[in-house]
Amino acid sequence: MNYDPIFDKWHEECGVFGVFDRTVDVARYVYWGLFALQHRGQESAGIAITDGNEVALKKGMGLLTEAIKELPTLKSHMGTGHVRYSTTGSNNPRNIQPLVIHYQGGQIAVAHNGNLTNALGIRRQLEADGSIFQTTMDSEVIVNLIARSKADTQEERIADAARQIEGAFSLVITTNDSLVGVRDPQGFRPLCLGKTEHGYVLSSESCAFDAIKAEFIRDIDPGEMVIIDDRGVRSTIYAEPQKIDKKLCVFEYIYFARSDSKIDGQSVYETRLNMGRELYNETKYDADIVMSIPDSGTTAALGYARASGIPFAEGLIKNRYSGRTFIKPNQEERELAVRMKLNAMPEVVGGKRIVLIDDSIVRGTTSGLIVKMLKEAGAKEIYMCVSSPAIEYSCHYGIDTSVRKELIAATHTIEEIRDYIKADKLHYLSKEGLCRAVSGVPEADLCFACFNGDYSVDVPTEQEEGVKYVLE
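Residues numbered from 1 in each chain as written. Predicted model: local features only at pLDDT ≥ 70, side-chain atom pairs only at ≥ 80, totals over all residues. Heavy atoms only, no water.

**Let's talk about the environment of Glu224**
Logical step 1: Considering the arrangement of structural elements, one finds Glu224 in strand S14 (residues 224-229).
Logical step 2: In the structure, Glu224 is positioned 14 residues away from Tyr238 in sequence and 5.9 Å away in space, judged by C-alpha atoms.
Logical step 3: Apart from the residues within four sequence positions on either side, Glu224 is in contact with Gly181, Val182, Arg183, Arg218, Ser235, Thr236, Ile237 and Tyr238. (Helix = DSSP H or I, 4+ residues; strand = E, 2+ residues; numbered from the N terminus. Contact = heavy atoms within 4.5 Å.)

And the structure:
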């Protein structure tokens, strides 16, 4: 599960990237693109490149620099790449993407960002019909549906498969002769199109285009499939019109996306500044300094400081070389792990009334430890501000969150949470304030299911109860 037990954060589970260009070193371009998307997945990475006949694949566990020591060397003009946190399917080398298959329709390499809500039912039916699965990922359902399709072309087979799956999926696929991008009918996860000097690129986020000096063209629409080949870019709406209902995950703006990205035309950085301003408008706290829990709360903290006139200060220093820390067996070791990653500065926080900004509280464990750390360093009062509403429901569209009863806001009032983390004040950004912050995207086009339980795509009962359908 892609939950950080030390920093009490959800993680987006994947980043996808693809290149079609006959004039560049495709493998290197995909590598650079994935490097820019590293924040979207740090468990594994993979690159598949093709000349239309053969496929060369390199993949491994860990960060990109650990997973891929040598680039694939096939002379190629197409490639796709993937960085991953695990959601459906365990953290296992066989689950590393892209998935490469050879079938009677040709060869394809598939990179998937998202989570399918009907994967288990489809998989059981496919297995009953004789299909064999090599991984525990829902993504393998997609390649099986493509291979079994009776459509005439690979692109039509992909569209046929996309119409059968439900939930969140942004796909980047190489076929024998094209690079294909597909976004689900709700557009839960982002996907955008860019242009190199002599070709085109697809990416989860626009920040990756800057890494290869590509020009952003546009976002892929919900329910759209784009096909890139030697003729250029073609587009088709594969989804049935009545099923297209845009619901971009609002957490892309709150936390998941990199600040220098634009998603569906909205600047992530400006949105987070706006969240800080809205927090100030809702609280009007009188304090000495504004601080963030680095790094995810920093931009919102700057927005709060600018709106309030209260100076921004760095009172917590983050150790950027401590590496990933997995769940600890007891509270003492959890506290030591937090202190290994964060350290309070008494000369900054001593005697101060502090507005402390974070993007979210999932279970509340880490927030309490940080408040304790700051008070031990001499902070006078801590006014905790969260730049999102309270998380009361699990997400099933690519985040694979905790069982609902483990979400602190699902079982506690705000006052009880404040008491639990020992903050002097606690305020969550209202949904109205969040919508004002994401001003460039209509409220109706955003998914708030983790805040209000309004799931726009049906979630099977076992998932609503928090049961994971890991299939191994």
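Now, onward.
**Digging into the sheet that holds strand S15 (residues 232-237)**
Logical step 1: Taken in spatial order, the six strands of this open sheet run S7-S8-S9-S10-S14-S15, and their pairing is antiparallel. The sheet is open, and its two edges are formed by strand S7 (99-103) and S15, each paired on a single side. Taking each pair of neighbouring strands and ignoring which way they run, the sheet shows an average axis angle of 20°. (Pairing = 2+ DSSP bridges. Axes fitted to C-alpha atoms, helices over the stretch in contact; angles between N-to-C directions.)

**Observations regarding the pairing of strand S6 (residues 78-84)**
Logical step 1: With seven of its seven residues buried, S6 lies for the most part within the structure.
Logical step 2: Side chains Met78, Thr80, His82 and Arg84 of S6 all project onto a buried face; the interleaved residues Gly79, Gly81 and Val83 project onto the opposite face, where all are buried too.
Logical step 3: Bridge count for strand S4 (residues 44-50) against S6 is seven bridges, and the pairing is antiparallel. Opposite Ile49, over in S6, you have Gly79 as the bridge partner. (Buried < 20%, exposed > 50% of the residue type's maximum accessible area, 1.4 Å probe, protein only.)

**Quick notes on the side chain of Asp184**
Logical step 1: As for its position among the elements, Asp184 is in the loop between strand S10 (179-183) and strand S11 (192-195).
Logical step 2: Polar contacts involving the side chain of Asp184 include one to the main-chain amide nitrogen of Gln186, which spans 2.7 Å.
Logical step 3: Among the polar contacts made by the side chain of Asp184, one reaches the main-chain amide nitrogen of Gly187 at a distance of 2.6 Å.
Logical step 4: Residues in contact with Asp184, not counting those within four places in the same chain, are Gly167, Ala168, Phe169, Arg189, Pro222, Gly223 and Tyr238. (Polar contact = N/O pair within 3.5 Å; in protein donor to acceptor, adjacent residues only side chain to side chain.)

**So, the sheet that holds strand S23 (residues 381-386)**
Logical step 1: Ordered by their spatial adjacency, four strands build an open sheet running S19-S22-S23-S24, and the pairing between neighbours is parallel. Only two strands of the sheet have a single neighbouring strand rather than two, namely strand S19 (289-292) and strand S24 (425-428). Averaged over all adjacent pairs, the angle separating strand axes in this sheet is 20°, with direction ignored.
Logical step 2: For S19 and strand S22 (residues 353-358), the ladder comprises four bridges, and the chain directions are parallel. Each bridged residue has a counterpart across the sheet, and for Ser292 the counterpart in S22 is Ile357.
Logical step 3: In the packing of helix H12 (residues 365-376) onto the sheet, the strands contacted are S19, S22 and S23, and the crossing angle to S23 comes to about 150°.
Logical step 4: Set on the sheet, helix H14 (residues 414-421) makes contact with S23 and S24; between it and S24 the angle comes to about 130°.

**Quick notes on the nonpolar core**
Logical step 1: Phe251, Tyr253, Tyr304, Val355, Ile357, Leu434 and Phe451 are the most contacted members of the largest nonpolar core, which has 39 residues in total.
Logical step 2: Those elements that place two or more of their residues in this core are strand S16 (248-249), helix H7 (251-256), helix H8 (268-283), helix H9 (298-308), S22, S23, helix H15 (431-437) and helix H16 (449-452).
Logical step 3: Sequence-distant contacts of Tyr304, defined by excluding residues within four places in its chain, comprise Gly276, Arg277, Leu279, Tyr280, Thr283, Lys284, Tyr285, Val290, Ile310, Val355, Ile357 and Cys385.
Logical step 4: Counting residues in each nonpolar core, the second largest holds 31 residues, with Ile289, Val338, Leu374 and Ile408 among its members. (Core = buried A, V, L, I, M, F, W, Y, C linked by side-chain atoms within 4.5 Å.)

**Structural notes on the pairing of S23**
Logical step 1: Counting buried positions along S23 yields five of six residues, so the element is predominantly enclosed.
Logical step 2: One ladder, built from six bridges, connects S22 with S23; its direction is parallel. Among the inter-strand pairings, Asp358 is bridged to a residue of S23, identified as Val386.
Logical step 3: Regarding topology, H12 serves as the crossover connection from S22 to the parallel S23, and that connection is right-handed.
Logical step 4: For S23 and S24, the ladder comprises four bridges, and the chain directions are parallel. (Right-handed = clockwise from strand over helix to strand, strands pointing away.)

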